[in-house]
Amino acid sequence: MEGSPAADGSTNAKNVTLRVGSLSLLELTFQGVAAMAPAGAIGFFMTGIAGVAGGSMAFIILIGLLVWFLTLVANYEISKKISSAGGYYSYASKASNKTAGFFAGMLYGLAQVVAVGSYGFMQLGVFVYLLFPVLTSIKYLWIPLLLIAATVETIVVYFGIKISMRYAMITGLATSIFLIITGIALVILAGPRNNLSVFTPYYFHGNVNLIFLGLLTAMTLGTGSGSVISLSEESNNPKKNVRKSILLLLLVAVFPEVLLAYAMTVLWGPSNMASFAIAADPGVSIYFTYLHSIVGWIFIILVVNATILVGIGAYNASTRTIFGLAREGFLPRIFARVEPKRKTPVNAILLSLILGLVVTIPFGIGLGPFNGFFVYALVITIPIMLAHFVLNLVMPVFKRKFSIKTPLSILTHIIVPIFSLVIIAAVVYNTVHPLPAYPYNIAIYGSIFIVVLTIIIYVWKRITNPSLFKGEPLDISNASDEGGVGDVKNEI
């Protein structure tokens, strides 16, 4: 059967091929937007950030996202030379070696499986509870809502990358335009309440550990941005479009988030952000209070849509990473099976679905749906940051290996990566030491579990099959570099 491993256990690259070259630049970009879900962040996720940052929420979101995108310089530069469904695995492997690739890919892949469950499945129920607090009396209503989100997202992802990304592009573009226009309107309506002090660390009152925890929570907003490289094998002309999509994300995702963070802070009041953090739906309240109710309902619809989009984005990232690792033999090769007609990694989708459900529901039951969601969502941040750490760490090797001697190569391949390494190390260290208070410490334990699991799998593979770490990773995506392939038209 197409997509199955050969009888001898090897993987025939021809039989595990995704739909190469099918995604346009905008479709690829809105994979990143879907995974970042700016409407969802503005709708309710910022309450968690406000609980840490207070009146400096806009500051910490701006700095956190800018720092995060500095770590993406490595993605940007490596994408000029490499494209593969392995994403972080393939980037780090080809830039340096398969050991680096394994750690980058496995950390990122496991984190994205968590993202499928948290951002993908849990958000819908959490938002509905916040929107209609009376429903919290129905104790486990969030579980059917979680199952609805899981069903919709799984079906969309199963039926093909072109369908899911066209949906993400159309609705995501409409959302970005809406957020920018309404954000500017809210800033104008704020009038004399506009206050640039919210773009300073003033409201942290000198608490350095709190600043680093704030950076961690803010950088969570950006973790979906790197997911575009997981779709590079399915992108048209990936060695150009992947890096263009990273730049476009600054406009269509980062700008609206920072703009609305500022507008909501000055309208709510920088000194009152403690109440913002515990409010049911402060973003919705601001839209209904300062703009027309019709605009408020449009915002609600877009936030609901964002809870579905972020699941699709996480699904795409997790399944392509699992697929790429399985195709190389680091995971069971059954997860490299591609559905013959739709060219989707069907078994990787099934794995993400099962793990997403099995792990997510206990978090919601144990901590309550809101705390369970927010804590579980934070679990992904440190592993993804460590995947970026690995990618930035190998940049000097990448520079030498590919004989890159452009005028800016010292800056982009050495100086910026070193800066990113220092920032990532500082944020991770100051977040885990000392451990934050309950329930945030649970997120740290979850992150540590992912790191330890990655190390265990690495040691096991090194002992049982050391040949996996030799040679170059598989790359069958060259056909997509100059305009795609002929069967794209059969996608929809």
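Predicted model only: the values in this text are computed from it and were never measured. (Residues numbered from 1 in each chain as written. Predicted model: local features only at pLDDT ≥ 70, side-chain atom pairs only at ≥ 80, totals over all residues. Heavy atoms only, no water.)

A. The packing of helix α13 (residues 293-328) against helix α14 (residues 346-367), seen in detail. For the pair α13 and α14, interaxial distance at closest approach is 9 Å and the crossing angle is 120°. The orientation of α13 relative to α14 falls into the category oblique. Regarding α13 and α14, the two cross each other, and that crossing is right-handed. Listed contacts from α14 to Tyr-315, Ser-318, Thr-319, Ile-322 and Phe-323 of α13 are Ala-348, Ile-349, Leu-351, Ser-352 and Leu-353. Here the contact of α13 with α14 is built from residues that sort into seven nonpolar, three polar and no charged. (Axes fitted to C-alpha atoms, helices over the stretch in contact; angles between N-to-C directions. Helix = DSSP H or I, 4+ residues; strand = E, 2+ residues; numbered from the N terminus. Parallel < 35°, antiparallel > 145°, perpendicular 65-115°, else oblique. Left-handed = near helix turned anticlockwise from the far one by under 90°. Contact = heavy atoms within 4.5 Å. Nonpolar A, V, L, I, M, F, W, Y, C, P; charged D, E, K, R; others polar.)

B. The arrangement of the pattern of salt bridges in detail. The full count for this structure, using the stated rule, is six salt bridges. One salt bridge in this structure joins Lys-162 and Glu-27, with 2.8 Å as the shortest N-O distance. Placement of Lys-162 in helix α8 (residues 161-190) and of Glu-27 in helix α1 (residues 25-36) is noted, with a sequence separation of 135 residues between them. For the pair shown, Lys-162 and Glu-27 are each scored as buried. Here the residues in one salt-bridge network are Glu-27, Lys-162 and Arg-166, joined through shared partners. (Salt bridge = Lys/Arg side-chain N within 4 Å of Asp/Glu carboxyl O. Buried < 20%, exposed > 50% of the residue type's maximum accessible area, 1.4 Å probe, protein only.)

C. Main features of α13. For α13, built from 36 residues, the straight-helix expectation of 52 Å at 1.5 Å per residue is met to within 8% by its first-to-last C-alpha distance of 53 Å. Taken across its 36 residues, α13 has 29 buried, putting it largely inside the fold. Within two residues after α13, Gly-329 carries a phi angle of roughly 100°, on the positive side. (Expected span 1.5 Å × (residues − 1).)

D. Geometry of helix α12 (residues 282-290). Among all positions of α12, only Pro-282, Gly-283, Val-284, Ile-286 and Tyr-287 are buried. Close packing links the buried residues of α12 with α2 (38-53), α6 (98-131), α8, α10 (238-268), α11 (273-278) and α13.

E. Representation of the nonpolar core in the model. With 144 residues, the main nonpolar core has Phe-45, Met-57, Ile-60, Ile-61 and Phe-373 as its most contacted residues. When neighbours within four sequence positions are excluded, Ile-61 is seen to be in contact with Met-46, Ile-49, Ala-218, Leu-221, Val-258 and Ala-261. (Core = buried A, V, L, I, M, F, W, Y, C linked by side-chain atoms within 4.5 Å.)

F. Looking closely at the packing of aromatic side chains. Under the counting rule described, the total for this entry stands at 21 aromatic pairs. Between Phe-199 and Tyr-262, the ring centres sit 5.3 Å apart and the planes meet at 10°, which makes this aromatic pair stacked. One end of the pair, Phe-199, is in the loop between α8 and α9 (208-220); the other, Tyr-262, is in helix α10, with 63 residues separating them in the sequence. Residue classification places Phe-199 among the partly exposed residues on the basis of a relative accessible area of 28%. By the ring-pair criterion, three or more aromatic residues cluster together here, those being Tyr-89, Phe-102, Phe-103, Phe-330, Tyr-458 and Phe-469. The side chain of Lys-461 reaches across the aromatic face of Trp-460, ending 4.9 Å from its centre. (Phe/Tyr/Trp six-rings, centres within 6.5 Å; stacked < 30°, edge-to-face > 60°. Lys NZ or Arg CZ within 6 Å of the ring centre and 35° of its normal.)

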